[in-house]
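# Notes for the structure review
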Amino acid sequence: MAIWNFLHKMASPPHFYGLAAKIIPWFAVTGIALFVYGAIGGLFYAPPDYQQGDAFRIIYVHVPAAYLSMLAYVVMAIAAGIGLIWRIKLSHAVAASAAPLGAWFTFLALVTGSIWGRPMWGTWWEWGDPRLTSELIMLFLYFGYMALRAAIDDTAKADKASAILAMVGAVNIPIIHFSVEWWSSLHQGATLVRADGPAIETTMLYPLLAMIFGFSFLFGALLLQRVRAEVLFRERRSRWVHDLVMPAGDTQ
Amino acid sequence: MSDLLSGNELCLLRGDRCLFTDLNFALSAGELLLVEGINGSGKTSLLRGIAGMLDFEDGNVDWHGIAVTKDYQAFRSDLVWLAHKVGFKADLTLLENLRFESGLRNTSMQNLGGVLERLGLARLTGLPLRVLSAGQQRRVALARMLLADAKLWLMDEPFSNLDSAGQALVVELIAEHLAVGGLCVVASHQGIDLDAPIRRITLQ
Amino acid sequence: MSDLLSGNELCLLRGDRCLFTDLNFALSAGELLLVEGINGSGKTSLLRGIAGMLDFEDGNVDWHGIAVTKDYQAFRSDLVWLAHKVGFKADLTLLENLRFESGLRNTSMQNLGGVLERLGLARLTGLPLRVLSAGQQRRVALARMLLADAKLWLMDEPFSNLDSAGQALVVELIAEHLAVGGLCVVASHQGIDLDAPIRRITLQ
Amino acid sequence: MTVYEEQFPGLWQGFAAVVKRDLTLAWKRPGDVLNPLFFFAMVSALFPLAVGPSQEQLQLSGPGVVWVAALLAALLSLNSLFLSDFEDGSLDQLILSPQPLPMLALAKALAHWLVAGLPLVLVSPMIAVSFQMPGQTVEVMLITLTFGTISLSMLGSIGAALTVGLHRGTALLSLLILPLAMPVLIFGARTVSLAAANDPVAAGIYFLAAYCILTLTLAPFATATALRISSE
Amino acid sequence: MTVYEEQFPGLWQGFAAVVKRDLTLAWKRPGDVLNPLFFFAMVSALFPLAVGPSQEQLQLSGPGVVWVAALLAALLSLNSLFLSDFEDGSLDQLILSPQPLPMLALAKALAHWLVAGLPLVLVSPMIAVSFQMPGQTVEVMLITLTFGTISLSMLGSIGAALTVGLHRGTALLSLLILPLAMPVLIFGARTVSLAAANDPVAAGIYFLAAYCILTLTLAPFATATALRISSE
Ligand code: HEM
Ligand SMILES: Nc1ncnc2c1ncn2[C@@H]1O[C@H](COP(=O)(O)OP(=O)(O)OP(=O)(O)O)[C@@H](O)[C@H]1O
Ligand SMILES: Nc1ncnc2c1ncn2[C@@H]1O[C@H](COP(=O)(O)OP(=O)(O)OP(=O)(O)O)[C@@H](O)[C@H]1O
Ligand SMILES: [Mg+2]
Ligand SMILES: [Mg+2]
């Protein structure tokens, strides 16, 4: 029960609005610091790959973007599920805010992957490759999610309907991740997340990890900021927003 | 408590508008709730809310003292809903449509003949619903109501499109339903002349 | 002859049924024709026939003494039809729908404000028709009627779904229309209380 | 069919009102615009996916795929041309309006083309590129597609009017329209193929243009008559 | 989602009633059955026509064409799955009936498959022959198409339920369903191609079967929830 009350306090829009404002700077600063370290380390200090030369450096954008595209989807699906089952409106706001970010990361992963694929595989795109295809499918899932939301005027209804789609679409995530193992694919197998530890040299690894976590923190900051805006819009008719926008005494 | 159906502190929003807040009602067996109000005051919305097709912003509806959201399915098997739209397939015949209903609700078609006779539909059973007149289609919806054998009737403007004999018939049907301990919630622009106890809600 | 609208020896078949034969009526300026009859007796069909949307088996309808089939288009610009279905797009707003009507009929929107005010729609202009209540939608159909500035009004159950203020308003509107020399053909299950001359047809 | 004298000054006003209304509706339900577009893109994208991407095979089947996709996309959206008007009673009101019905029918068909046909024409170069079509072909494809889609919208309006009161499905509609649309498809695809092979294309383009003008003049009358019958 | 206890003996009776009603409706409007079938045949027939009939090219693209045609045909008919029920008010009555809604949703999807999917499977051998597909391939095609079309009907019912109150167009529906249907398409087409090349096909068939079972179990619940939301 205590947990329940705590959750409800957390999920109360005004409380969240204030709390998020305090968290965002920390996330942003950490994210930018990691990003700078990763970028410098990756672009200047990591040795060129013995096979790929300097072309491999695109990994420092590609892999974080690819991970984040999946992370954003997971965040979106879980938030949507929580919102649908326990009827927490804030949760829906989180899901709605995560979608465009996720779509951008997916787009970035597709573009960087395809740029990388040109020298590596001799083609920009390979239809029928499971990883590439499932990543593209995820982009379309994001589009579908956003289009469905846009098509419904009533926010509460849009929340619930799109939540179903987000949850159903989540089956795609394991497919993306395991596709390289299940089917023969052009794409790299898992290098980082493996049972026997990462298979990559540390001078390459640390900047990469820094980039991944930097991207994650930046995602967190952006997400919270978007949720704040979303909450403000949704609560536009409520007392607290009114007081916030037009402080007492400031009557028009 | 003998109240079978009750609404507590109901509040409903549509778009930006608040249709009503703090609405309360209680209804026991054999009683009728008449929902009145001008056009757009929220009668249809209230009925949809009671049926569970719209979420109330606040408050809850109880059936047998238990919130209907708790056991929505049990509630649904006790209610039947007469809407603006007939809710039948225009391309199926009257008989096919009613057969489907009885399959869905698992009720018998035994007294079908009597019901159709009474509603003046007996000669129309073979016609597709599409060709029936507006009033005849409403009568088919009434047939569903009678065959469903449900305790609670939700009726949205039951008199519309009916001729005067039809309107008298509806009053008669309601009276019989109340007499055997049924409940009615009726949204209507015209009063109902009944012996049974009538409770009223007026929305504005 | 001062009869503006007349039907001569009309006969109409639907499916196997003959709805009526040898039906005659004549109506001059400022008169109202009230079509009565039980459900399914053919009121709607008669109105559709007069409007030229259904072919009569026999007989013809004259407008200004000329069969309407001769100059159908001239007839159409003199008439406006209030049907069971509103005939507006659910996804467009009230204003957009009425603007379209005025483009189609080439009429001015000058008195739009007054019309909407009178029908109690003034606050709803920006809402898509879909979200309006049943009665509000009927009122929008009435707005079309008023804006059309047509001589002949064909009205199929104009009172349905309207609250009592709305029903009184319809009677008032009809009275005004007749007073300026308009004609009305009304199918209805309830009488109309008017000073103007009323002719009746009862179908069975 | 009635003969319409020139006594109605607002002849074009009703036309404009219908076009405007349908475009507004499309704007409010972007699905109607995106639908054929998306479908078009989909067919073109799914093909390589399912067939397997062999360079030269793609290049060969390019014009055919684009044309089949265009035809299907047009058919797909035609179904709803009069259906929603029929169901909500607007069709009755259109028929009873003082405007000549063929004019309104032309307006509906034109609005359909603007919403469903034109975007398709505009997006086709992108798809042509994805099929590695040679550059000079694209121009020919644009011209033929323009004429072709207009013809399809006009033909389709007849079929849609005939079937409006009958069914929900597009089956009958397709059955009615396809024989008439087939020449457009065949000439369209062949002309583009010819262009790809650097052969002369004038004959094909003339044919398509003539077909387009023919349908533009005749279809509205057929559609209007069909609408009157269907609404009985 | 509500948990449904086993207290309702007539659980299958409502199911049967819905299936029967939808089949009767399809019988009365044969367009609904013929529609996807006709569409399917059309795509397959138009292709050789538009692409130009080179023997080996046809043979190569056969499986792909059949699968794309099947997917499009299914999508095309899905739009109307709940639409007519929504518009005439039957959907409200279904939702308010004492039967568990997921059961009714399953019945609707099954009826859809019987009307739109099964005929397509049955007619596919004919089309396979017209594409000169080798004999042993046809069997594999039949099996994969069966699983595939069932999955499509189930997935489609979710999309149709989500979009029922929104638009007339299929655009949004396709956008929602396609990503989920893509694996079916890819696996289906690839498996048939493998069969044509005499390669092992078991993996593909297992995948399709698993996908089919997954959708059969989960989709009805998602559909039911979506229907409740859409009818608000
Ligand atoms: C358009 C083309 C591409 C797409 C859509 C794509 C997509 C993805 C995705 C979704 C992931 C995350 C997978 C997971 O975490 O489960 C990923 C990871 C990765 N990608 Fe790509 N990729 C593409 C091209 C490439 C190319 C050309 C290379 C290099 C040859 C490459 C190298 C990697 C590496 C090394 C990882 C990290 C693998 C791991 O540690 O799990 N990718 N890619
Ligand atoms: N999205 C929305 N935005 C604003 N108002 C809305 C919205 N949706 C519904 N409404 C309003 O809510 C009300 C719904 O009324 P409802 O249909 O319940 O009325 P009713 O009492 O049944 O009326 P009637 O007697 O005409 O049938 C209408 O006034 C309508 O305008
Ligand atoms: N194809 C058909 N076969 C047999 N009867 C038909 C056919 N088409 C229509 N009818 C009958 O024609 C009549 C049409 O009636 P209409 O709609 O004109 O009645 P109405 O007087 O307007 O009735 P209401 O008061 O109910 O609106 C109905 O009785 C209907 O059953
Ligand atoms: Mg109402
Ligand atoms: Mg009638």
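Notes on the structure follow. Everything numeric in this text was worked out from a predicted model, so none of it was measured.

## Re the overall build of chain D
Helix and strand counts for chain D stand at 9 helices and 0 strands. Each helix and strand of chain D, ordered N terminal to C terminal, gives the series α-α-α-α-α-α-α-α-α. Counting over 232 residues, chain D shows a buried share of 63%. Summarising the internal contacts of chain D: among those between residues at least 6 apart in sequence, 83% fall at separations of at least 24. Within the structure as shown, chain D displays about 8,500 Å² of accessible surface, and the carbon and sulfur contribution to it stands at 72%.

## Some thoughts on the overall build of chain B
Along the backbone of chain B there are 6 helices and 9 strands. Radius of gyration (C-alpha) of chain B: 17 Å, near the 17 Å computed for a compact globule of 204 residues. Dimensions of chain B along its principal axes, counting C-alpha atoms only, are 50 × 35 × 30 Å. Out of the 204 residues belonging to chain B, those deemed buried represent 58%. The long-range fraction of contacts in chain B, counting pairs at least 24 apart against all pairs at least 6 apart in sequence, stands at 69%. Each charge class in chain B can be summarised by its mean position, and for the 19 positive and 24 negative side chains these summaries are 7 Å apart.

## A look at the sheet that holds strand β7 (residues 152-156) of chain B
The strands making up a sheet associate through hydrogen bonds between their backbones, and the pairing can be parallel or antiparallel. All names here are of chain B. On the basis of which strands lie adjacent, the open sheet formed by 5 strands has the order β6-β7-β8-β3-β9 and parallel pairing. Strands with a single pairing partner mark the edges of an open sheet, and in this sheet they are β6 (79-82) and β9 (198-203). When strand polarity is set aside, the average angle formed by the axes of neighbouring strands in this sheet is 15°. Across the sheet, helix α5 (residues 134-148) lies against β6 and β7, angled at about 175° from β6, the strand it touches most. Sitting on the sheet, helix α6 (residues 164-179) touches β3 (32-37), β7 and β8 (183-187), and the angle it makes with β8 is about 150°.

## A look at the packing of aromatic side chains
Evaluation of the coordinates by the stated rule reveals 15 aromatic pairs over all chains. Sitting over the face of the ring of Y17 of chain A, R228 of chain A holds its NZ or CZ atom 4.1 Å from the ring centroid. Looking at R21 of chain D, its charged tip hangs above the ring of F100 of chain C, at a distance of 4.5 Å from the centre.

## Considerations on the site of ligand 3
In the region of ligand 3, 22 residues are neighbours, and S133 and G135 of chain B together with K43, T44 and S45 of chain C sit closest. Among the chains of the assembly, those with residues near ligand 3 are chains B and C. N39 of chain C places a side-chain nitrogen or oxygen 3.1 Å from an oxygen atom of ligand 3. Between ligand 3 and E157 of chain C, the relevant distance is 3.4 Å, taken from an oxygen atom to a side-chain nitrogen or oxygen of the residue. Protein chains shield 91% of the accessible area of ligand 3, which is 650 Å² for the free molecule. Those elements that provide at least two residues to the shell around ligand 3 are α5 of chain B together with β2 (17-28) and α1 (43-51) of chain C. Its residues placed into classes, the shell around ligand 3 shows 5 nonpolar, 12 polar and 5 charged.

## Describing the pattern of salt bridges
Following the criterion strictly, the structure yields 35 salt bridges over all chains and no others. In this structure, K89 of chain A and E57 of chain B form a salt bridge, with 3.7 Å as the shortest nitrogen-oxygen distance. One end of the pair, K89 of chain A, is in helix α4 (residues 89-121); the other, E57 of chain B, is in the loop between α1 (43-51) and β4 (58-63), on a second chain. Looking at E57 of chain B, the relative accessible area reads 43%, which means it is partly exposed.

## Regarding the pairing of strand β7 (residues 152-156) of chain C
All names here are of chain C. Of all 5 residues making up β7, 5 are buried, and the element is well covered by its neighbours. Here β7 shows a buried face lined by L152, L154 and D156 and a second buried face lined by W153 and M155. Note that strand β6 (residues 79-82) and β7 share 4 bridges and pair parallel. Each bridged residue has a counterpart across the sheet, and for V80 the counterpart in β7 is W153.

## Digging into the environment of A181 of chain D
Residues and elements named next belong to chain D. Inspection of the secondary structure puts A181 in helix α8 (residues 171-196). Sequence-wise, A181 and S151 are 30 residues apart; in three dimensions their C-alpha atoms are separated by 8.0 Å. Not counting residues within four places of it along the chain, the set of residues in contact with A181 comprises L71, L152 and L155.

## What about the nonpolar core?
The biggest cluster of nonpolar side chains holds 283 residues, and the ones touching the most others in it are L5 and V185 of chain B together with L5 and V185 of chain C. With residues near it in sequence (within four places) discarded, L5 of chain C still touches F25, A26, L27, V61, D62, W63, F75, L152, L183 and V185 of chain C. Core analysis: the next-biggest nonpolar cluster, separate from the first, contains 38 residues, V86, M145, A150 and C184 of chain C among them.

Parameters and conventions
- Residues numbered from 1 in each chain as written.
- Chains lettered and ligands numbered in written order.
- Predicted model: local features only at pLDDT ≥ 70, side-chain atom pairs only at ≥ 80, totals over all residues.
- Heavy atoms only, no water.
- Helix = DSSP H or I, 4+ residues; strand = E, 2+ residues; numbered from the N terminus.
- Buried < 20%, exposed > 50% of the residue type's maximum accessible area, 1.4 Å probe, protein only.
- Contact = heavy atoms within 4.5 Å.
- Areas by Shrake-Rupley, 256 points an atom, 1.4 Å probe, with all protein chains shown as cover.
- Rg over C-alpha atoms; globule rule 2.2 N^0.38 Å.
- Lys, Arg positive; Asp, Glu negative; His and termini not counted.
- Charge placed at Lys NZ, Arg CZ, Asp CG, Glu CD.
- Pairing = 2+ DSSP bridges.
- Axes fitted to C-alpha atoms, helices over the stretch in contact; angles between N-to-C directions.
- Phe/Tyr/Trp six-rings, centres within 6.5 Å; stacked < 30°, edge-to-face > 60°.
- Lys NZ or Arg CZ within 6 Å of the ring centre and 35° of its normal.
- Near = heavy atom within 4 Å.
- Polar contact = N/O pair within 3.5 Å; in protein donor to acceptor, adjacent residues only side chain to side chain.
- Nonpolar A, V, L, I, M, F, W, Y, C, P; charged D, E, K, R; others polar.
- Salt bridge = Lys/Arg side-chain N within 4 Å of Asp/Glu carboxyl O.
- Core = buried A, V, L, I, M, F, W, Y, C linked by side-chain atoms within 4.5 Å.

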